[in-house]
Amino acid sequence: MSKEQLEIGAISKPRFEFRTFGKEFDEAAFLMSRLSVPVPEKVWERYSEEIYIVSKTNDINNTKIRDGKMDIKTFIQSVDGLEQWNPLMKGEFPMKAEILVKEVFPAFMVEMPELTKEVYTLEEFLEIINNHRDLQAVRVEKERYGYMVNDTICEYANVWINGALVESVNSESTEVEDIKKTITDLKLENVENINYLQAIKRVIGMNNKKLAN
Amino acid sequence: MAQESNPRFEFRIFGINLEKLTETLDKLTPRLQTRKMNSIYLLTAGNTKNNIKIRDGIMDIKVLEQETEGLEQWNPFLVGEFPLKSDVIKTVVFPALGIVCPVMERDQYTLDQFLKEIISIDPDLSVAFVKKVRHGYMLNNCITEIAEVLVNGALINTLCIESEDPKQVLAAKKMLGIRSDTENVNYPLALKRIMGLASLSKNYWESND
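Criteria and thresholds
Counting from 1, residues in each chain are numbered in the order their sequence is written. Throughout, the order in which chains and ligands are written sets their labels, letters from A for the former and numbers from 1 for the latter. A pLDDT threshold of at least 70 governs which residues receive local features in this predicted model, and a stricter bar of 80 or more applies before side-chain atom pairs are shown or counted, although totals over entire chains, interfaces and linings include all residues. The helix and strand labels rest on DSSP assignments: H or I over at least four residues marks a helix, E over at least two residues marks a strand, and numbering proceeds from the N terminus. In this scheme the burial state of a residue depends on its C-beta neighbours within 10 Å: 20 or more other such atoms mean buried, 12 or fewer mean exposed, and anything in between means partly exposed; the C-beta positions come from the backbone. We define a nonpolar core as a collection of buried residues of the types Ala, Val, Leu, Ile, Met, Phe, Trp, Tyr and Cys that are connected via C-beta atoms lying within 7 Å of each other. Here contacts are defined at the residue level, using C-beta atoms placed from the backbone and a cut-off of 7 Å between them. Note on residue categories: nonpolar means Ala, Val, Leu, Ile, Met, Phe, Trp, Tyr, Cys or Pro, charged means Asp, Glu, Lys or Arg, and polar means any other residue, Gly included. If DSSP finds at least two bridges between two strands, the strands pair.

Asks: Got a minute to help me understand unusual backbone geometry in this structure?
Replies: Backbone geometry follows two general trends: most residues other than glycine have a negative phi, and most peptide bonds adopt the trans configuration. Following Phe93 of chain A, the chain continues to Pro94 of chain A via a peptide bond in cis, the omega torsion being 0°. Assignment of secondary structure puts Pro94 of chain A in the loop between β5 (82-92) and β6 (95-96). One non-glycine residue, Lys187 of chain A, lies in positive phi territory at about 55°. Position of Lys187 of chain A among the secondary structure elements: in the loop between α4 (176-185) and α5 (196-203). Judged by the 13 C-beta atoms lying within 10 Å of it, Lys187 of chain A is partly exposed. At Asn141 of chain B, a position not held by glycine, the phi torsion is positive, near 65°. Counting through the fold element by element, Asn141 of chain B comes out in the loop between β8 (126-139) and β9 (142-151).

Asks: Can you walk me through the nonpolar core in this structure?
Replies: Proteins that are soluble and globular tend to have nonpolar side chains buried together. Counting residues in each nonpolar core, the largest one holds 96 residues, and the members touching the most others are Met32, Ile161, Ile200 and Val203 of chain A together with Leu191 and Ile194 of chain B. Here the element with the most residues in this core is strand β9 (residues 152-161) of chain A; it accounts for seven residues. If near-sequence neighbours (up to four positions away) are discounted, Leu191 of chain B is found in contact with Tyr41, Leu43, Ala128 and Val151 of chain B.

Asks: Any chance you could explain the interface of chain A and chain B here in plain terms?
Replies: For an interface, size is often stated in terms of accessible area lost upon the parts coming together. Residue-level contacts link 21 residues of chain A with 20 residues of chain B. Listing elements by their share of the side of chain A that touches chain B, those giving two or more residues are β8 (135-149), β9, β10 (164-173) and α5 of chain A. In terms of residues, the side of chain A that touches chain B owes the most to one element, β8 of chain A, which gives four residues. Of the residues belonging to the side of chain A that touches chain B, the class tally is nine nonpolar, six polar and six charged.

Asks: In this structure, what is going on with the pairing of strand β3 (residues 50-55) of chain B? I would like to understand it.
Replies: Regular strands show a simple pattern: their side chains alternate between the two faces of the sheet. Residue and element names in this part refer to chain B. Direction of pairing for strand β2 (residues 33-43) relative to β3: antiparallel, over a ladder of three bridges. Bridge pairing links Leu42 to Ile52 in β3. What sits between the antiparallel neighbours β2 and β3 is a turn of six residues. By the bridge criterion, six bridges tie β3 to strand β4 (residues 58-68) in an arrangement that is antiparallel. Across the sheet, Lys53 pairs through a bridge with Asp60, a residue of β4. Counted along the chain from β3 to the antiparallel partner β4, the turn is two residues long, and its residue Asp56 has a positive phi close to 50°.

Structure, rendered in structure tokens:
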């Protein structure tokens, strides 16, 4: 069976991902830029502002809000240290309380707060989050540089978590072996795979583990 | 041994891009020293008056004495060196944190025991592991520094001007071209903002453009 040709920005079957965070990945970023095939101009450099909702009791659902749209991904499996995440839910603000009750808060795996309105704006939703003992809304800005190495979608990124800067590199593909080759080529062997949720939790002190460097 | 001094007035800012300020400072006065140090800060959402930190196994607390003309006067006092007696933890540390002290089973705690058995299990307490590279200057008779700060591994930069004389701090601030309405952000507030214990400033997105 031939492997799926990945296209940056296109919808594909669930990908496996290696990602890590730390203070410095200059060598990996340099190698990524040199080993990459040409990529579409639209992914050369991208900037986005997002809000992640992190929960003390949940490590398997990743909730992100960008431009008023909510996107929840759920962890499916880990193969050879690579993680596969699937879309769980997509929604937009203003959001019905029913959706918050049935789909959003269950993903946080926390005690359900009392919802008194039928529909919630983003600001009202964030107020609920801020008042919840086990939840935090975290501001994240990303400056992402896209590449394609060994048929895997790669990026080097500067990421500001509540205003503090970390660097991130990643490789993702439907093909595990292609990612493993890319990890070797980028000299990232033995570097811990850290997803966004974990990196954010470590920076905000919800988890005392360190980043990769 | 550090020389005894009166409580100093302090102006501090945090941000990612302090390059222009650093350039200006470098033009005005020579860099005197660079020091690296690791600190552990203890934080609670409600405490805004005490800056509680551990460095080299020694805990000290700075107490906010007063605010005047946008400057903060902090008065430091030494809590003690680990192992720290339970009595000190109960009567000094937790009152400064502003939360109820848990039941303690030991007479004294090593730093490791303190962090693992008391701090990490308390849902009202957060810990920031902070690495600093501090570049020291003297500007207008003020102790001035630019520092790169890793907060739980994430980078932020800071500039600080401090002196016993608030007028000298205000003058130094002017020399660096810092606007008079620039927010004075102390270490605990900056750490709490990064860690989600305090709201980000209202113009957060704009200020990071």
